[in-house]
Amino acid sequence: MSQEQIGKILETYRERFSENPSSIVTAPGRINLIGEHTDYSEGFVLPVAIDRNVTLAFTPRDDKVIQVYSIDFEQELVVNLDNMQRGDGGWKEYVMGTAWALMDAGYALNGWQAVVAGNIPIGAGLSSSAALEVAIGKTFCLASNIDLPPASLALLSRKAEAEWVGVNVGIMDQLISAAGKEGHALLLDCKTLDYEYVPIPKEITLVVLDTMTRRELTKSDYNARHEEVKQASKLLGVQFLREATPQLVEETRTHMASTIYRRARHVVTENQRVHAFSTAMRNNDLLTMGQLINASHVSLRDDYEVSSSELNLIVELAQKQPACLGARMMGAGFGGCALALLATDQVEPFTENVFSLYRSQTGIEPNIFIVTSADGVGECSVPLDL
Ligand code: GLA
């Protein structure tokens, strides 16, 4: 977040609370290089924490009250931890949901007061909600002297989203927001939650292509895929698709409805692509990385059916540009962002061409921007000069 944005948070905090906050918490959004819709099948993912985040300036309180003002939504939540009620599904639910998840796990929480703002486009597939949950979780930990390792913080943040908000998400977004590392992608095993950091080749530029179309990550679309992979697992005789091989899926094909077969095929082949991609990344094999990203898109579009016409268009336009190694839709899908990998930092012709071609074919102006890698959630002191 820029100095100016942090300055705005501090200024708003001082206006509202007539004091300086005691500290600042920042939790990043993410891109995902590869491994899409695999996490809730206990598979593998390869996300990167990015330089877009949710930031809170806060001070612990002596009571059980949470008072938090959101600059982005121009709304305030004031709630006693002993008396939280589920509301309408907006940003406040992520705050209360995270509090509930921590308390449900047996942690005694103190209240705090804060001002929060973010620069992650909302609902675009860059995990603004996971960043909010992780930032709130970290704030509770700091205000209540709780020491949680990144995986536990991620699990409780996920629980907030699955059980309080009601979207049965996997663990990827919360874990990368909690454990990201600058310069690296995180190769995560979503079964064991073991992870390792894979260095991002220096030549690579990561470009986010926001179609500016949104389809809210509602219970219906996302949870429907969840149900379908459960059905597939049952037919394949495994607990999660992570345990199935492409060979098993092919052998069982005649016993499965075509949709269920294709859902399973996506997950098992995507898991293989994650490993192949990590190996290519370690070998600086940029061409293979690009091919795998393109293959991931085809699989998400045709087998998993979570793409959209705008996502398909922007991906095709990107793939045709000479600088582009590969491109694919990213995140939950149905709208939002695609990711392009470029083998150069000369991104202007790429951006200009994709922008104007997409705009002329859809009438929509896309939002195209470079992201760089960042660290996971962290606390910093309040800068004296802001
Ligand atoms: C959303 C969910 C993640 C993951 C992706 C798809 O971002 O929050 O857990 O399932 O979709 O890969």
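Residues numbered from 1 in each chain as written. Predicted model: local features only at pLDDT ≥ 70, side-chain atom pairs only at ≥ 80, totals over all residues. Heavy atoms only, no water.

Novice: Can you break down the site of the ligand residue by residue, with the values?
Specialist: Looking at the ligand, the residues that line it are Arg-30, Glu-36, His-37, Asp-39, Tyr-40, Val-169, Gly-170, Met-172, Asp-173, Tyr-222, Gly-331 and Ala-332. Note that an oxygen atom of the ligand is positioned 2.6 Å from one of the backbone N or O atoms of His-37. The contact in question runs from an oxygen atom of the ligand to an N or O atom on the backbone of Gly-170, over 3.0 Å. Classifying every residue of the shell around the ligand by side-chain character gives 5 nonpolar, 3 polar and 4 charged. Each of two domains, domain 1 (3–197 + 374–380) and domain 2 (200–371), supplies a minimum of three residues to the shell around the ligand. (Near = heavy atom within 4 Å. Polar contact = N/O pair within 3.5 Å; in protein donor to acceptor, adjacent residues only side chain to side chain. Nonpolar A, V, L, I, M, F, W, Y, C, P; charged D, E, K, R; others polar. Domains from an automatic or database assignment.)

Novice: So what's going on with the pairing of strand β9 (residues 205–210)? Residues and values would help.
Specialist: It is a general feature of regular strands that their side chains alternate between the two faces of the sheet. In terms of burial, β9 is a largely internal element, 6 of the 6 residues being buried. Covered by surrounding structure in β9 are Thr-205, Val-207 and Leu-209 together with Leu-206, Val-208 and Asp-210, the residues of both alternating faces. By the bridge criterion, 6 bridges tie β9 to strand β11 (residues 337–342) in an arrangement that is antiparallel. Each residue of the ladder has a partner; that of Leu-209, found in β11, is Ala-338. Across 5 bridges, the pairing between β9 and strand β12 (residues 367–371) is antiparallel. Bridged to Asp-210 within β12 is Asn-367. (Buried < 20%, exposed > 50% of the residue type's maximum accessible area, 1.4 Å probe, protein only. Helix = DSSP H or I, 4+ residues; strand = E, 2+ residues; numbered from the N terminus. Pairing = 2+ DSSP bridges.)

Novice: Summarise the sheet that holds strand β3 (residues 47–60); cite the residues concerned and give the values.
Specialist: The 6 strands are arranged β5-β4-β6-β3-β1-β13 in an open sheet whose pairing can be described as mixed. Where the open sheet ends on each side, the last strands, each with one partner, are β5 (75–80) and β13 (378–380). On average, adjacent strands in this sheet sit at an angle of 25° to one another, irrespective of strand direction. Across 5 bridges, strand β4 (residues 65–70) lies against strand β6 (residues 112–118) in parallel orientation. Across the sheet, residue Gln-67 finds its bridge partner in β6, namely Gln-113. Along the sheet, helix α1 (residues 3–17) makes contact with β1 (23–32), β3, β4, β5 and β6, crossing β6 at roughly 145°. Docked against the sheet, helix α5 (residues 172–179) engages β1 and β3, running at close to 130° with respect to β1. (Axes fitted to C-alpha atoms, helices over the stretch in contact; angles between N-to-C directions. Contact = heavy atoms within 4.5 Å.)

Novice: Which residues make up the side chain of Thr-59, and what values do they have?
Specialist: Within the secondary structure, Thr-59 is located in strand β3. Within the local environment of Thr-59, its side chain forms a polar contact with the backbone nitrogen of Ser-22, the two atoms lying 3.1 Å apart.

Novice: Which residues make up helix α9 (residues 286–303), and what values go with them?
Specialist: If you check α9, its first and last C-alpha atoms are 25 Å apart, about what 18 residues at 1.5 Å a residue would give, namely 26 Å. Along α9, the residues classified as buried are Leu-286, Met-289, Gly-290, Leu-292, Ile-293, Ser-296, His-297, Ser-299, Leu-300 and Asp-303. Buried residues in α9 make contact with α8 (258–282), α10 (309–319), β10 (324–329) and β11. (Expected span 1.5 Å × (residues − 1).)

Novice: Tell me about the sheet that holds strand β8 (residues 195–199), and name the residues and values.
Specialist: Overall, antiparallel pairing links the 3 strands, which are arranged β2-β7-β8 in an open sheet. Among the strands making up the open sheet, the edge pair consists of β2 (44–45) and β8. Here 5 bridges tie strand β7 (residues 184–189) to β8, and the two strands are oriented antiparallel to one another. Residue pairing across strands places His-184 opposite Pro-199, the latter belonging to β8. Against the sheet, α5 contacts β2, β7 and β8, and its axis sits at roughly 135° relative to β7.

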